[in-house]
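As a plain string of letters, each chain reads:
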Amino acid sequence: MTYPIYDASIPVFIRTLNALDACLDKAQLHADNLKFDFDNLLNARLAPDMFSLGRQIQIACDFAKGVSARLADVDMPNFEDTEVGLAQYKERIAKTIAFIQSIPAEKFAGAESREIIIMRKDTKREYIGLAYLHHAGMPNFYFHITTAYNVLRHNGVQIGKKDFIGTTA
């Protein structure tokens with residue numbers, strides 16, 4: 001049996017996070033070729049009021065694991081935001097992928113109509129599964145992935161649309 005919410009989320013998160021990971025590899029080569037510290041890229045941002053590349057990676061991972069966990073109604077692991085250096089950011093991506101791959105597709109049965117409640121400080125947001133995925137989860141995930149990509153591109157990393165989209169393998 002197939003589960004449309006699973007098919008519309010988990011493979012997309014995995015492919016996109018793998019693409020981000022590959023972009024970070026290209027960014028490391030770029031830094032090595034120009035002989036500058038990769039941390040300069042991790043701290044780079046597009047505008048003064050935007051989060052840095054490192055924070056964009058963290059938030060993209062948080063959306064992938066959070067959306068997946070909420071839709072599957074499973075406990076979400078907590079990742080501390082303490083990454084320093086490329087290896088730790090790549091490890092966060094790998095942990096996120098491992099977590100979402102561990103969720104059985106069957107856990108997404110009925111996810112399209114599952115009630116999703118998110119509390120942020122004093123704000124309560126209520127969704128139904130399908131609307132949550134399409135109107136909150138995926139747009140936020142892609143916003144942070146796209147911003148991470150754009151920070152890298154803005155700083156001269158030679159990546160393009162194919163790098164952003166990734167591969168199925």
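The shown structure was predicted, so the numbers you read here are calculated from the model rather than taken from an experiment. (Residues numbered from 1 in each chain as written. Predicted model: local features only at pLDDT ≥ 70, side-chain atom pairs only at ≥ 80, totals over all residues. Heavy atoms only, no water.)

A.B. asks: Tell me about the environment of Met138, and name the residues and values.
C.D. replies: Within the secondary structure layout, Met138 lies in helix H5 (residues 129–154). Sequence separation between Met138 and Phe51 is 87 residues; the distance between their C-alpha atoms is 19 Å. Apart from residues lying up to four places away in sequence, Met138 is in contact with Ala8, Ser9, Val12, Phe13 and Leu133. (Helix = DSSP H or I, 4+ residues; strand = E, 2+ residues; numbered from the N terminus. Contact = heavy atoms within 4.5 Å.)

A.B. asks: Pulling in residues and values, what's your account of the pairing of strand E2 (residues 123–128)?
C.D. replies: When strand E1 (residues 115–120) meets E2, the two strands line up antiparallel, connected through 6 bridges. From the neighbouring strand, Glu115 faces E2, where its bridge partner is Ile128. Hairpin connection of E1 to E2: 2 residues between the antiparallel strands, including Lys121 at a positive phi of 55 degrees. (Pairing = 2+ DSSP bridges.)

A.B. asks: Describe the nonpolar core, listing the residues and the values that go with them.
C.D. replies: Ranked by internal contacts, the top residues of the largest apolar core, which has 50 residues, are Leu53, Ile57, Leu71, Phe108, Phe141 and Leu152. At the level of secondary structure, the elements contributing two or more residues to this core comprise helix H1 (4–34), helix H2 (39–42), helix H3 (53–72), helix H4 (85–101), E1 and H5. Discounting residues that sit within four places of it in the chain, Leu71 has contacts with Ile5, Lys107, Phe108, Ala111, Arg114, Ile116, Gly129, Tyr132 and Leu133. (Core = buried A, V, L, I, M, F, W, Y, C linked by side-chain atoms within 4.5 Å. Buried < 20%, exposed > 50% of the residue type's maximum accessible area, 1.4 Å probe, protein only.)

A.B. asks: Break down H3 for me, citing the residues and quoting the values.
C.D. replies: For H3, with 20 residues, the first-to-last C-alpha span of 29 Å sits near the 28 Å given by 1.5 Å per residue. Within H3, 17 of the 20 residues are buried, leaving the element largely enclosed by the surrounding structure. Two residues or fewer past H3, Asp73 is found with a positive phi of approximately 55 degrees. (Expected span 1.5 Å × (residues − 1).)

A.B. asks: Go over the packing of aromatic side chains with me, naming the residues and quoting the values.
C.D. replies: Taken as a whole and judged by the stated rule, the model has 5 aromatic pairs. Between the aromatic rings of Tyr6 and Phe108, the centroid separation amounts to 5.3 Å while the plane-to-plane angle is 70 degrees, which identifies the pairing as edge-to-face. One end of the pair, Tyr6, is in helix H1; the other, Phe108, is in the loop between H4 and E1, and 102 residues separate them in sequence. Owing to a relative accessible area of 1%, Phe108 belongs among the buried residues under this scheme. For the ring pair Phe13 and Phe141, a centre distance of 4.8 Å and an interplane angle of 80 degrees mean the geometry is edge-to-face. Of the two residues, Phe13 is situated in helix H1 and Phe141 in helix H5; the sequence distance between them amounts to 128 residues. As far as burial versus exposure is concerned, Phe13 and Phe141 are alike and both buried. Ring-pair connections join several aromatic residues into one group, and the members of that group are Phe13, Phe141 and Tyr142. The ring of Phe79 is capped by Lys65, whose NZ or CZ atom sits 4.8 Å from the centre of that ring. (Phe/Tyr/Trp six-rings, centres within 6.5 Å; stacked < 30°, edge-to-face > 60°. Lys NZ or Arg CZ within 6 Å of the ring centre and 35° of its normal.)

A.B. asks: How would you explain the pattern of salt bridges if you had to name every residue and give the values?
C.D. replies: Scanning all chains against the criterion turns up 9 salt bridges. Close ionic contact of Asp21 with Lys90 constitutes a salt bridge, the shortest N to O distance being 2.8 Å. Placement of Asp21 in helix H1 and of Lys90 in helix H4 is noted, with a sequence separation of 69 residues between them. Comparing Asp21 with Lys90, the two get one shared label, buried. Here Arg92 and Asp81 are joined by a salt bridge, their closest N and O atoms 3.0 Å apart. Note that Arg92 is positioned in helix H4 and Asp81 in the loop between H3 and H4, a separation of 11 residues in sequence. Note on Asp81: relative accessible area 41%, which makes it partly exposed. One connected set of salt bridges, linked through shared partners, spans Arg55, Asp62, Lys65, Asp81, Glu83 and Arg92. (Salt bridge = Lys/Arg side-chain N within 4 Å of Asp/Glu carboxyl O.)

A.B. asks: I'd like a description of the side chain of Ser68, backed by residues and values.
C.D. replies: Along the chain, Ser68 falls in helix H3. Those residues in contact with Ser68, other than ones at most four positions away along the chain, are Ile10, Phe13, Phe63, Ile100, Ile103 and Phe108.

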